[in-house]
Amino acid sequence: MVNILYKPESRVAIVYLVIATLWILFSDGALLALGVNETVLSQLSLVKGLGFVLLTSLILYTYLHREFDRRFKLEDELQEQISQVKQSQIILAQSEDRFRKAIEESPYPIMLFAEDGEVLTVSKIWMELTGYTREQLSTLQSWTELAYGTGKQPVLNHIDTLFELTTRLDEGEFTIICADGTQRIWQFSSTPLDRLPDNRRLMMSIATDVTKLRQAEVYSLEHERLRARFQKEQERNIFVQRIISALSHDLRTPLTVILSSKDILDIYSDRMSEEKRHEKLDTIGRQVQFALELLDDTVNIARGNVSEVSYHPTPVNIATLCQVSVDETQTAAATQQRVKFANLNGLETAIIDEVLVSRILVNLLTNALKYSPDDSEVRLELEHTENWIVLRVIDRGIGIHEDEIPHIFDPFYRAKNAGSANGTGLGLCIVSDCVSRHGGQIRVESKLGEGSIFTVKLPFEEAKIVSAMTS
Ligand code: ADP
């Protein structure tokens with residue numbers, strides 16, 4: 001009831017009612033009091049009526065004028081406020097748009113997600129690096145499922161704790177699985193942001209892709225390790241060859257003694273006393289014994305270095321191993337820039353026995369340098385086909401006669417044109433042993449005076465680069 005009285009139309013009605021009542025009740029009295037007589041009073045009813053209309057019209061006009069003025073002002077103010085709000089909404093939307101764009105176009109993987117797991121924004125680089133689509137990254141659940149597989153739960157638990165943060169946290173490195181099955185190492189750091197309008201807590205995670213950095217570290221360690229290994233192999237190779245030379249030299253004496261004793265017995269046996277004959281036979285026996293012991297000792301030493309090395313395949317950067325072999329062989333041969341290495345289709349990591357492959361390379365490269373002119377180029381090629389790792393050592397040297405090719409893998413065999421070049425005829429025997437331990441094959445193409453190509457094929461087994469690196 002009281003509210004009704006506050007309404008403008010009620011106020012107008014009340015004012016009108018009051019004025020009309022007062023007019024009706026007191027206008028005649030007032031005129032009489034002013035000295036107007038009753039006869040004139042009856043004639044003045046028209047003037048009174050017009051006066052009433054004039055007065056009420058004036059009052060109504062003043063009141064409505066004031067009221068409408070107030071209303072129009074309010075409406076103007078309201079319009080002003082509405083347009084200000086609209087303007088702020090546009091500015092807010094533009095700012096939100098800029099923020100989203102800044103995240104989406106950022107060169108770093110960035111993700112904005114709410115506490116219920118909804119992913120609000122992801123930078124494009126995140127999708128480019130991982131190979132996942134925006135739909136696959138619509139929730140934390142689906143992202144962790146893809147990126148961490150069975151290991152997703154600990155990661156989700158860790159993410160839950162992030163919402164308790166008040167400042168940025170550097171979380172360390174995580175290994176994620178990409179759409180193509182490869183792995184990447186990302187260093188995450190997360191910062192809590194203000195709550196969303198619906199009161200959900202908001203988090204921003206930024207990642208730095210350190211895969212290449214870690215690979216480079218691993219590769220340089222691998223390079224160093226392979227270099228050391230290669231040097232060791234080279235030393236062993238020299239050692240084996242040296243003991244073989246020593247053996248051939250040391251055998252010469254007992255064999256010469258045996259031969260001369262046998263000649264003496266052949267020629268003079270019937271003229272010799274029994275005692276002298278026994279003496280010669282004893283000499284032969286002793287020298288044979290000495291030769292056998294010498295052979296046993298040498299074989300034992302050589303076994304320790306060659307034959308008893310079994311096959312231990314591990315993931316190895318074979319490209320680096322080739323480069324190290326080239327560098328080291330050139331250094332040992334006191335030559336530079338003669339050997340060119342070509343990795344034909346970018347093979348890097350493969351499962352091989354690095355000791356055996358080092359031996360293969362040291363022998364083939366040393367031979368290529370040894371049996372070709374000092375100014376001619378030697379080429380090492382690495383290639384991989386579907387099933388094989390192919391290593392090719394190509395030289396433009398003296399070549400091998402076709403009749404001799406079948407024999408060059410025999411121990412101690414040296415081709416006629418090897419001449420005075422240092423050697424024991426044992427290197428290719430070692431190479432062939434190492435190749436067969438790998439279940440591989442070796443082939444030689446050679447033309448006398450034109451050069452040789454030694455092709456080694458080893459079964460190819462792929463190793464996932466990052467998994468090998470992180471394991
Ligand atoms: P060596 O110690 O004599 O080099 P290897 O077993 O390594 O022994 O080689 C056996 C023989 O094969 C050599 O003596 C040489 O006659 C021949 N040979 C090996 N590699 C080459 C090559 N790249 N060019 C020409 N002849 C070669």
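The rules behind these values
- Per chain, residues are indexed from 1 in the order of the written sequence.
- The model is predicted, so local features are restricted to residues of pLDDT at least 70 and side-chain atom pairs to those at 80 or more, both for listing and for counting; the totals for chains, interfaces and linings are taken over all residues.
- Values reported for side chains reflect all heavy atoms of the structure, with hydrogen atoms and water molecules removed beforehand.
- Working definition: helices are DSSP H or I runs of at least four residues, strands are E runs of at least two. Numbering for both runs from the N terminus.
- Here the globule rule reads 2.2 Å times residues to the power 0.38, and the radius of gyration is calculated from C-alpha atoms.
- Using a 1.4 Å probe on the protein chains alone, a residue whose accessible area is under 20% of its type maximum counts as buried, one over 50% counts as exposed, and one in between counts as partly exposed.
- For two strands to be treated as a pair, DSSP must find no fewer than two bridges joining them.
- Any residue with a non-hydrogen atom lying within 4 Å of a molecule or strand is treated as near it.
- Counting of polar contacts relies on pairs of N or O atoms within 3.5 Å, with two restrictions inside protein: one atom must be capable of donating a hydrogen and the other of accepting it, and residues adjacent in sequence are counted only when both atoms are side-chain atoms.
- With residues, only the protein chains shown are counted as cover, and all accessible areas are computed by Shrake-Rupley using a 1.4 Å probe.
- Ten residue types, Ala, Val, Leu, Ile, Met, Phe, Trp, Tyr, Cys and Pro, are classed as nonpolar, four, Asp, Glu, Lys and Arg, as charged, and the remainder, Gly among them, as polar.
- For salt bridges, the criterion is a side-chain nitrogen of Lys or Arg within 4 Å of an Asp or Glu carboxyl oxygen.
- Residue contacts are counted whenever heavy atoms from the two residues lie within 4.5 Å of one another.
- Orientation is described by lines fitted to C-alpha atoms, with helices fitted over the stretch in contact, and by angles between N-to-C directions that extend from 0 to 180 degrees.
- Residues enter patches when their relative accessible area tops 30% and they take part in no salt bridge; the joining distance is 9 Å for like charges and 5 Å for the nonpolar side chains Val, Leu, Ile, Met, Phe, Trp and Tyr.
- Stacked, tilted and edge-to-face are the three classes applied to pairs of Phe, Tyr and Trp rings, where Trp contributes its six-membered ring and a pair requires centres within 6.5 Å; stacked means planes under 30 degrees apart, edge-to-face means over 60, and tilted covers the rest.
- pLDDT is defined as a per-residue confidence score from the predictor, taking values between 0 and 100.

### Some points on the overall build of the protein
In step 1: In terms of regular secondary structure, the protein is built from 13 helices and 12 strands.
In step 2: Relative to a compact globule of 471 residues, whose C-alpha radius of gyration would be 23 Å, the protein shows 51 Å and is clearly more extended.
In step 3: Counting only C-alpha atoms and orienting by the principal axes, one finds that the protein spans roughly 205 × 45 × 30 Å.
In step 4: Taken across its 471 residues, the protein has 36% of its residues classed as buried.

### Let's talk about the pairing of strand β2 (residues 119-122)
In step 1: Across 3 bridges, the pairing between strand β1 (residues 110-114) and β2 is antiparallel. Directly across from L112, in β2, lies its bridge partner T121.
In step 2: Hairpin geometry of β1 and β2 is characterised by an intervening segment of 4 residues between the two adjacent antiparallel strands and by a positive phi of about 95 degrees at G117.

### What to know about the site of the ligand
In step 1: Around the ligand, a shell composed of 21 residues is seen, among which N367, Y371, R414, A415 and L428 lie nearest.
In step 2: Within the backbone of A415, a nitrogen or oxygen atom sits 2.9 Å from an oxygen atom of the ligand.
In step 3: At a separation of 3.1 Å, an oxygen atom of the ligand approaches a polar backbone atom of G427.
In step 4: In the complex, the protein chains occlude 99% of the 520 Å² of accessible area that the ligand would expose alone.
In step 5: Mapped onto the shell around the ligand, the elements with two or more residues apiece are α11 (354-370), α12 (427-437) and β12 (451-459).
In step 6: Residues belonging to the shell around the ligand are distributed by class as follows: 11 nonpolar, 7 polar and 3 charged.

### Some details on the pattern of salt bridges
In step 1: Counted by the stated rule, this structure contains 31 salt bridges.
In step 2: The closest approach of N and O atoms between E222 and R225, which form a salt bridge, is 3.2 Å. Here the residue E222 and the residue R225 both occupy positions in helix α8 (residues 211-268), the gap between them amounting to 3 residues, near one helical turn.
In step 3: For R225, a relative accessible area of 38% puts it in the partly exposed group.
In step 4: Salt-bridge contacts for D266 lead to K262; the nearest nitrogen and oxygen are separated by 3.0 Å. Of this pair, D266 and K262 both sit in helix α8, 4 residues apart, roughly one helical turn.
In step 5: For D266, a relative accessible area of 52% gives the class exposed.
In step 6: Through salt bridges with shared partners, a single ionic network connects E222, R225, R229, E233, E354 and R359.

### Regarding the side chain of S358
In step 1: Following the sequence through the fold, S358 ends up in helix α11.
In step 2: What S358 contacts, discounting residues up to four positions off in sequence, is R229, F230, E233 and L321.

### Overview of the sheet that holds strand β9 (residues 378-384)
In step 1: The strand order β7-β9-β10-β12-β11 describes an open sheet built from 5 strands, whose pairing is mixed. Taken across any chain shown, the strands that pair with only one partner, and hence form the sheet edges, are β7 (339-343) and β11 (441-447). The average undirected angle you get between the axes of adjacent strands in this sheet is 15 degrees.
In step 2: For β7 and β9, the ladder comprises 5 bridges, and the chain directions are parallel. Within β9, the position partnered with F341 by the bridge is L380.
In step 3: The strands that helix α10 (residues 318-332) touches are β7, β9 and β10 (388-395); relative to β7, the one it contacts most, it runs at about 175 degrees.

### Quick look at a nonpolar patch on the surface
In step 1: A grouping of I14, V18, L22, L25 and F26 is seen on the molecular surface, where their side chains present a nonpolar patch of about 470 Å² in accessible area.
In step 2: On the secondary structure map, L22 appears in helix α2 (residues 8-33).

### Description of the packing of aromatic side chains
Aromatic ring pairs are reported here in terms of the distance separating the ring centres and the angle at which the planes meet.
In step 1: All told, the structure shown has 13 aromatic pairs when counted by the stated rule.
In step 2: Judged by centre distance (6.1 Å) and plane angle (25 degrees), the rings of F68 and F72 are stacked. A residue pair is termed a helical-turn pair when its members lie 3 or 4 positions apart in one helix, as F68 and F72 do in helix α4 (residues 45-104) at 4 residues.
In step 3: Looking at F72, the relative accessible area reads 51%, which means it is exposed.
In step 4: Plain terms: the ring middles of W143 and W186 are 6.3 Å apart, the flat faces sit at 25 degrees to each other, and that makes the pair stacked. Taken as a pair, W143 in helix α6 (residues 140-148) and W186 in strand β4 (residues 183-193) lie far apart in primary sequence, 43 residues in all.
In step 5: Relative accessible area serves as the criterion here: at 3%, W143 is assigned to the buried category.
In step 6: Classification of W186 by relative accessible area gives buried; the value is 0%.
In step 7: Through pairs of rings, three or more aromatic residues link up here, namely W126, Y132, W143, Y148, F174, W186 and F188.

### Topic: the sheet that holds β2
In step 1: Strand order across the open sheet formed by 5 strands is β2-β1-β5-β4-β3, with antiparallel pairing between neighbours. The open sheet terminates on both sides in strands that have one partner only, identified here as β2 and β3 (169-177). Each strand axis lies, on average, 25 degrees off the axis of its neighbour in the sheet, ignoring direction.
In step 2: Those strands touched by α4 are β1, β2 and β4, and its axis lies near 65 degrees from that of β2.
In step 3: Contacting β1, β2, β3 and β4, α6 runs over the sheet at an angle of about 60 degrees to β3.

### A word on the confidence of the model for the protein
Low pLDDT means the predicted coordinates in that region are not meant to be read closely.
In step 1: Per-residue confidence for the protein gives a mean pLDDT of 88; residues scoring 70 or more make up 93%.
In step 2: No element of the protein has a lower mean pLDDT than helix α13 (residues 465-470), at 39, and none a higher one than β10, at 98.
In step 3: Considering only residues more than four positions removed or in separate chains, one finds that residues 464-471, a stretch of pLDDT under 50, has 15 contacts.

### Some words on the environment of T56
In step 1: Structurally, T56 can be placed in helix α4.
In step 2: On a C-alpha basis, the gap between T56 and A20 in space is 8.2 Å, while along the polypeptide they are 36 residues apart.
In step 3: When sequence neighbours within four positions are dropped, the list of residues in contact with T56 reads Y16 and I19.

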